[in-house]
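Descriptive analysis of the structure
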Amino acid sequence: MIDWFFALFQPLVFTKLILAVLLFLFAIFLFVIITQINRMNAVVAQGTSSVILLILASILFAGTIFLLIFTVIVV
Amino acid sequence: MPDIFIPATKPEKPTVAPPPSTGRLHPFSSYCEMPEGVHFQNQDADETILLFLRRHFATNIPWIITTFILLLLPPLLVPLLGFSSFFSTLPGSYIFAILFFYYIVVLTYALIEYINWFYNISLVTEKRIVDIDYSNIVFHDVAMTKLTLVEDVNYTQSGFIRSFFDFGDVLVQTAAEMDHFDFLAVPKPNQVIKIIEELIGRRRNE
């Protein structure tokens, strides 16, 4: 019944699990950064520079989500 | 024949010398007169931003160097760690995922440092001075004071780097609750205090 629990502690599975948890937490962190950029853009708008910053943060967020899916499904 | 009556001329109001043209902001601007496309919260419809200031870009050099070192670290360490006991047991897809994650973390570090620089802004308008402080991702503080409350403005510029790149700390002393505003490491500090002093003079003469 609890074989799956012990299977978690096999090196490869454990590494995958840790990586997935870290990526999930990091995705939340990046989401907070994006919301803060949005908030600061409301405080002071700086033309296209603000938009570029938002796009950069979104690319990093998308990369993290991609890697999270890759880790869970492919790895 | 000498003039008997000479009409008294009105004393001319000191005016702020208008900048030659409006400035275009780019993502690495740290000094801009009459910036285009910049607006802040609670800005009046008839209020023009005269001066836009950030820390000098040279203050970003330490974190840029750190980022480059961190980006170059894996290719340099692979010959050492690539065949170590832990990494040799991992399949290629795991190594790819770990490296990908490492690079995302490094780029996020650079993004956070850039944001800290990008949103620490000081603005001088024809009515007031605005100081926006941003740090630690979730903290921001916006302070404003009217130009009529500004009592004194001075700057300090010490050290080789600051003299070489021409940046320094401008201190604006006010009679308001917040007794001073610091514009830290801003470019052309003498030009900044000249503009603020002219604005103060004009406000007091009005």
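Anyway, here's the lowdown on the structure attached to this text. For clarity, every value in this text was computed on a predicted model and none was experimentally measured.

About the thresholds
- Residues numbered from 1 in each chain as written.
- Chains lettered and ligands numbered in written order.
- Predicted model: local features only at pLDDT ≥ 70, side-chain atom pairs only at ≥ 80, totals over all residues.
- Heavy atoms only, no water.
- Pairing = 2+ DSSP bridges.
- Helix = DSSP H or I, 4+ residues; strand = E, 2+ residues; numbered from the N terminus.
- Axes fitted to C-alpha atoms, helices over the stretch in contact; angles between N-to-C directions.
- Salt bridge = Lys/Arg side-chain N within 4 Å of Asp/Glu carboxyl O.
- Buried < 20%, exposed > 50% of the residue type's maximum accessible area, 1.4 Å probe, protein only.
- Core = buried A, V, L, I, M, F, W, Y, C linked by side-chain atoms within 4.5 Å.
- Contact = heavy atoms within 4.5 Å.
- Buried area = accessible area lost by both parts, 1.4 Å probe.
- Polar contact = N/O pair within 3.5 Å; in protein donor to acceptor, adjacent residues only side chain to side chain.
- Nonpolar A, V, L, I, M, F, W, Y, C, P; charged D, E, K, R; others polar.

**A few points about the sheet that holds strand β6 (residues 139–146) of chain B**
Residues and elements named next belong to chain B. Spatially, five strands are ordered β1-β3-β4-β5-β6 in an open sheet, and the strand pairing comes out antiparallel. With partners counted over all chains shown, the strands left at the sheet margins are β1 (31–33) and β6, one partner each. Neighbour to neighbour, the strand axes of the sheet diverge by 10 degrees on average, direction disregarded. Sheet topology note: the β1/strand β3 (residues 49–53) ladder contains three bridges and is antiparallel. By the bridge assignment for β3, Tyr31 is matched with Leu53.

**With respect to the pairing of β6(B)**
Of the pairings in the sheet, the one linking strand β5 (residues 128–135) of chain B to β6(B) comprises eight bridges and is antiparallel in character. Counterpart to Ser135(B) in the pairing with β6(B) is Phe139(B).

**Section: the pattern of salt bridges**
All names here are of chain B. Summed over the entire model, instances satisfying the criterion amount to six salt bridges over all chains. Taking the shortest distance from any N to any O, the salt bridge between Asp44 and Lys127 comes out at 3.1 Å. Here Asp44, found in the loop between β2 (38–40) and β3, pairs with Lys127, found in the loop between β4 (121–125) and β5; they are 83 residues apart in sequence, far enough to count as distant. We classify Asp44 as partly exposed; its relative accessible area is 33%. As a salt-bridge pair, Arg128 and Asp44 come within 4.0 Å of each other at their nearest N and O atoms.

**Considerations on the nonpolar core**
Formed by 44 residues in total, the largest nonpolar core has its most connected members in Ile33(A), Val44(A), Leu53(A), Ile115(B), Tyr119(B) and Leu123(B). For this core, the secondary structure elements donating two or more residues are α2 (11–43) and α3 (48–74) of chain A together with β2, β3, α3 (92–118), β4 and β5 of chain B. Not counting chain neighbours up to four residues away, the residues in contact with Tyr119(B) comprise Ile37(A), Met40(A), Asn41(A), Val44(A), Gln46(A), Leu53(A), Ile132(B) and Tyr134(B). Counting 21 residues, the second largest nonpolar core, distinct from the first, contains Leu147(B), Phe181(B), Ile195(B) and Ile200(B).

**Things to note about the interface of chain B and chain A**
With 37 residues of chain B at the interface, the matching set in chain A holds 37 residues. Summing both partners gives a buried area of about 3,100 Å² for chain B against chain A, and 80% of it is carried by carbon and sulfur. Our count for the contact surface shared by chain B and chain A stands at zero salt bridges. At the boundary of chain B and chain A, one finds six residue pairs in polar contact (both at pLDDT 80 or more). Those elements giving two or more residues to the side of chain B that touches chain A turn out to be β2, α3, β4, β5 and β6 of chain B. By residue number, the principal contributor to the side of chain B that touches chain A is α3(B), which donates 16 residues. Split by residue class, the side of chain B that touches chain A holds 28 nonpolar, eight polar and one charged. Pairing geometry for strand β1 (residues 44–46) of chain A and β2(B), over three bridges, is antiparallel. Looking at the pairing, Val44(A) lines up with Phe40(B) of β2(B).

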